[in-house]
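# A look at the structure
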Amino acid sequence: MDKVLKVLLKILKTLCVTVGVLFVVYFWNLDQKLMGWLYRLVHEVADRKKVEKIL
């Protein structure tokens, strides 16, 4: 019985932490802010590459 209670408590803690993190991401709209940062980084790297023009 004691082992089952410990496992259930671990599962409950994990779920609470997961829901908390997802709430913070959703509340502060961090997913779009992170993607905006990532897009700027990708464009910065892509703009540095030389492009060969084939005509």
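Our subject is the structure that appears above.
Each chain carries its own residue numbering, running from 1 in the written order of its sequence. Totals for whole chains, interfaces and linings use all residues, but because this is a predicted model, local features are given only for residues with pLDDT of at least 70 and pairs of side-chain atoms are given and counted only at 80 or more. Computation of side-chain values: all heavy atoms of the structure, hydrogens and water removed.

### Considerations on the overall build of the chain
Note the cut-off: In this description a helix means any DSSP run of H or I spanning at least four residues, a strand means any run of E spanning at least two, and both kinds are numbered starting from the N terminus. The size measure is the radius of gyration over C-alpha atoms, and the globule rule it meets is 2.2 Å times the number of residues to the 0.38 power. When a residue's accessible area, from a 1.4 Å probe over protein chains only, is under 20% of the maximum for its type it is buried; when over 50% it is exposed; and in between it is partly exposed. In short, Shrake-Rupley with a 1.4 Å probe defines the accessible areas, and a residue's cover is counted only from the protein chains shown.
Regarding its fold elements, the chain presents two helices and zero strands. Taken against the 2.2 N^0.38 rule, which gives 10 Å for 55 residues, the C-alpha radius of gyration of the chain at 22 Å runs more than 25% over that of a compact globule. Based on the C-alpha atoms only, the size of the chain along its principal axes is roughly 75 × 25 × 15 Å. By the burial criterion, 0% of the 55 residues in the chain qualify as buried. For the chain, the computed accessible surface area is about 6100 Å², with 71% contributed by carbon and sulfur atoms.

### Remarks on the packing of aromatic side chains
Quick reminder of the rule: Classification of ring pairs uses Phe, Tyr and Trp, with its six-membered ring standing for Trp, and accepts pairs whose centres are within 6.5 Å; under 30 degrees between planes counts as stacked, over 60 as edge-to-face, and the remaining range as tilted.
Scanning the model with the defined rule gives two aromatic pairs in all. Between the aromatic rings of F23 and F27, the centroid separation amounts to 5.6 Å while the plane-to-plane angle is 20°, which identifies the pairing as stacked. Of this pair, F23 and F27 both sit in helix 1 (residues 2-27), separated by four residues, roughly a single helical turn. Residues F27 and W28 carry aromatic rings whose centres are separated by 5.7 Å and whose planes lie at 70° to one another, so their mutual orientation is edge-to-face. The exposure class of W28 is partly exposed, given its relative accessible area of 47%.

### Concerning helix 1
Just so we agree on the cut-off: Helix span, as expected, comes to 1.5 Å for every residue beyond the first.
In this model, helix 1 (26 residues) spans 37 Å end to end at C-alpha, consistent with the 38 Å of a helix rising 1.5 Å per residue. For helix 1, the tally of buried residues reaches only zero of 26 residues, placing the bulk of the element at the surface. Among the residues trailing helix 1, N29 stands out with phi positive, at a value near 55°.

### Some details on the environment of V25
The test is simple: Contact between two residues is taken to exist if any of their heavy atoms lie within 4.5 Å; hydrogens are not considered.
Relative to the assigned elements, V25 resides in helix 1. Owing to a relative accessible area of 29%, V25 belongs among the partly exposed residues under this scheme. For the pair V25 and I11, spaced 14 residues apart in sequence, the C-alpha separation works out to 21 Å. What V25 contacts, discounting residues up to four positions off in sequence, is L30 and D31.

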